[in-house]
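Per-entry structural report
The chain contents come next:
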Amino acid sequence: MIALKPTKGHLLVAEPSIIGDVAFNRSVVLLADHSEAGSVGFILNKVLDFTLKDLVPHLSANFKIYNGGPVEQDNLYFIHKIPDLIPQSVEIANGIYWGGNFDVVTELINQKLISEKEIRFFLGYSGWDANQLEEELNSHSWIVTTNESPKDIIERPYRSFWKDKMMQLGGEYLLWSNAPENPSYN
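What you see as residue numbers is a count from 1 along each chain, following the sequence as written. Per-residue local features are limited, in this predicted model, to residues with pLDDT of at least 70; the limit for side-chain atom pairs, both in listing and counting, is 80 or more; totals at the level of whole chains, interfaces and linings are taken over all residues. Based on all heavy atoms of the structure, the side-chain values leave hydrogens and waters out of the count.

Our next topic: the overall build of the chain. Within the chain, the regular secondary structure consists of five helices and 10 strands. Computed over C-alpha atoms, the radius of gyration of the chain comes to 17 Å, within 12% of the 16 Å expected from 2.2 N^0.38 for 186 residues, which places it in the range of a compact globule. Based on the C-alpha atoms only, the size of the chain along its principal axes is roughly 50 × 40 × 30 Å. Exposure is judged per residue with a 1.4 Å probe applied to protein chains only, and the accessible area is read against the type maximum: over 50% gives exposed, under 20% gives buried, and values in between give partly exposed. Counting across all 186 residues of the chain, residues that qualify as buried make up 46%. Every residue pair with non-hydrogen atoms within 4.5 Å of one another is taken to be in contact. A fraction of 62% describes how many contacts in the chain between residues 6 or more apart in sequence connect residues 24 or more apart. Throughout, the Shrake-Rupley method with a 1.4 Å probe supplies accessible areas, and for residues the shown protein chains are the sole cover considered. Carbon and sulfur atoms provide 51% of the accessible area of the chain, an area that totals close to 9,700 Å². Think of it this way: any DSSP run of H or I at least four residues long counts as a helix, any run of E at least two long counts as a strand, and we number them from the N terminus. Only the C-alpha atoms count toward the radius of gyration. The rule for a globule is 2.2 Å times the residue count to the power 0.38.

So, in structure tokens, the structure goes:
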């Protein structure tokens, strides 16, 4: 397998070897930005126990909230695929956008003009300083993969995402796809 370089829009798949890392164990992270200054991403497969309405009571939607990562967990972030509706969005790659005008988002949600299939919300984000992600890649904490279906990433089922990635990688990773999350359960 040819190792990919981290790039905006690529996915970081946690190596099975980072089992002890509470924040990133079995995580799949969408890289929203990557440059010499550092990297930003959002964990796509760690849903939290509350909804958007719990955090923003004036909203009428019970959209799931995901744990985006360990940085700034008191801030709400979002990715979406509707830049024509949300001004000030920044394209990550291939039709997936990050952020935009939150006042417009709340209006559109209350008018039921945005569905959960078009937007995903996160508390916090995953961040790496300059060269930090490369060091983690060199220590085999992550596998960089392409995002084969970028427009479907928002509605992708989160529960099996990491397992599905292990199966796609094949080889030695197939064994890990069926391993229990906590090895002591084995």
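Bringing the nonpolar core into the picture now. One broad trend across soluble globular proteins is that nonpolar side chains are buried collectively. Definition of nonpolar core: a set of buried residues of the types Ala, Val, Leu, Ile, Met, Phe, Trp, Tyr and Cys, connected through side-chain atoms within 4.5 Å. L12, L44, I79, W128 and W142 are the most contacted members of the largest nonpolar core, which has 35 residues in total. The greatest single-element share of this core, amounting to five residues, is contributed by strand β2 (residues 28-35). Ignoring any residue separated from it by four or fewer positions in sequence, one finds W128 in contact with L12, F24, V29, L31, G38, S39, V40, G41, L133, E136 and W142.

Let us look at helix α2 (residues 102-110). Residue pairs spaced three or four apart in an α-helix point in one direction, given the helix's 3.6 residues per turn. Residues V105, T106, L108 and I109 constitute the buried set of α2. Viewed end-on, α2 has its buried residues packed into an arc of 165°, placing them on one side of the element. Its buried side turned inward, α2 meets α1 (52-55), β6 (71-80) and β9 (119-129). Taking the backbone nitrogen of D103 as reference, a side-chain oxygen 3.0 Å away marks N101 as the first, capping residue of α2. Trailing α2 by a residue or two, K112 shows a phi angle of about 60°, which is positive. The reported arc concerns the directions from the helix axis to the C-beta atoms and nothing else. Any pair of N or O atoms that falls within 3.5 Å is considered a polar contact. Within protein, one atom must be able to donate a hydrogen and the other to accept it, and sequence-neighbouring residues count only if both atoms are side-chain atoms.

For side chains bearing opposite charge, pairing can occur when the charged atoms are close. Salt bridge, as applied in this entry: a Lys or Arg side-chain nitrogen positioned within 4 Å of an Asp or Glu carboxyl oxygen. Scanning the model with the defined rule gives three salt bridges in all. Among the salt bridges present, the one from K81 reaches E155, with a minimum N-O distance of 2.8 Å. One end of the pair, K81, is in the loop between β6 and β7 (90-93); the other, E155, is in the loop between β10 (142-145) and α4 (161-169), and 74 residues separate them in sequence.

Looking now at the packing of aromatic side chains. Centres within 6.5 Å make a pair out of two Phe, Tyr or Trp rings, where for Trp the six-membered ring is used; the pair is then stacked when the planes are under 30 degrees apart, edge-to-face when over 60, and tilted otherwise. Across all of its chains, the model carries 12 aromatic pairs by this definition. Taking 5.6 Å as the distance between ring centres and 80° as the angle between the ring planes, the aromatic pair formed by F42 and W98 counts as edge-to-face. Here F42, found in strand β3 (residues 38-43), pairs with W98, found in strand β8 (residues 96-98); they are 56 residues apart in sequence, far enough to count as distant. Judged by relative accessible area, F42 falls into the buried class, the value being 0%. Through pairs of rings, three or more aromatic residues link up here, namely F42, Y66, Y77, W98, F122, Y125 and Y158. The ring centre of Y66 lies 4.1 Å from the NZ or CZ of R120, which sits over that ring. Only when the NZ atom of a Lys or the CZ atom of an Arg is both within 6 Å of the ring centre and within 35 degrees of the ring normal do we say a charge sits over the ring.

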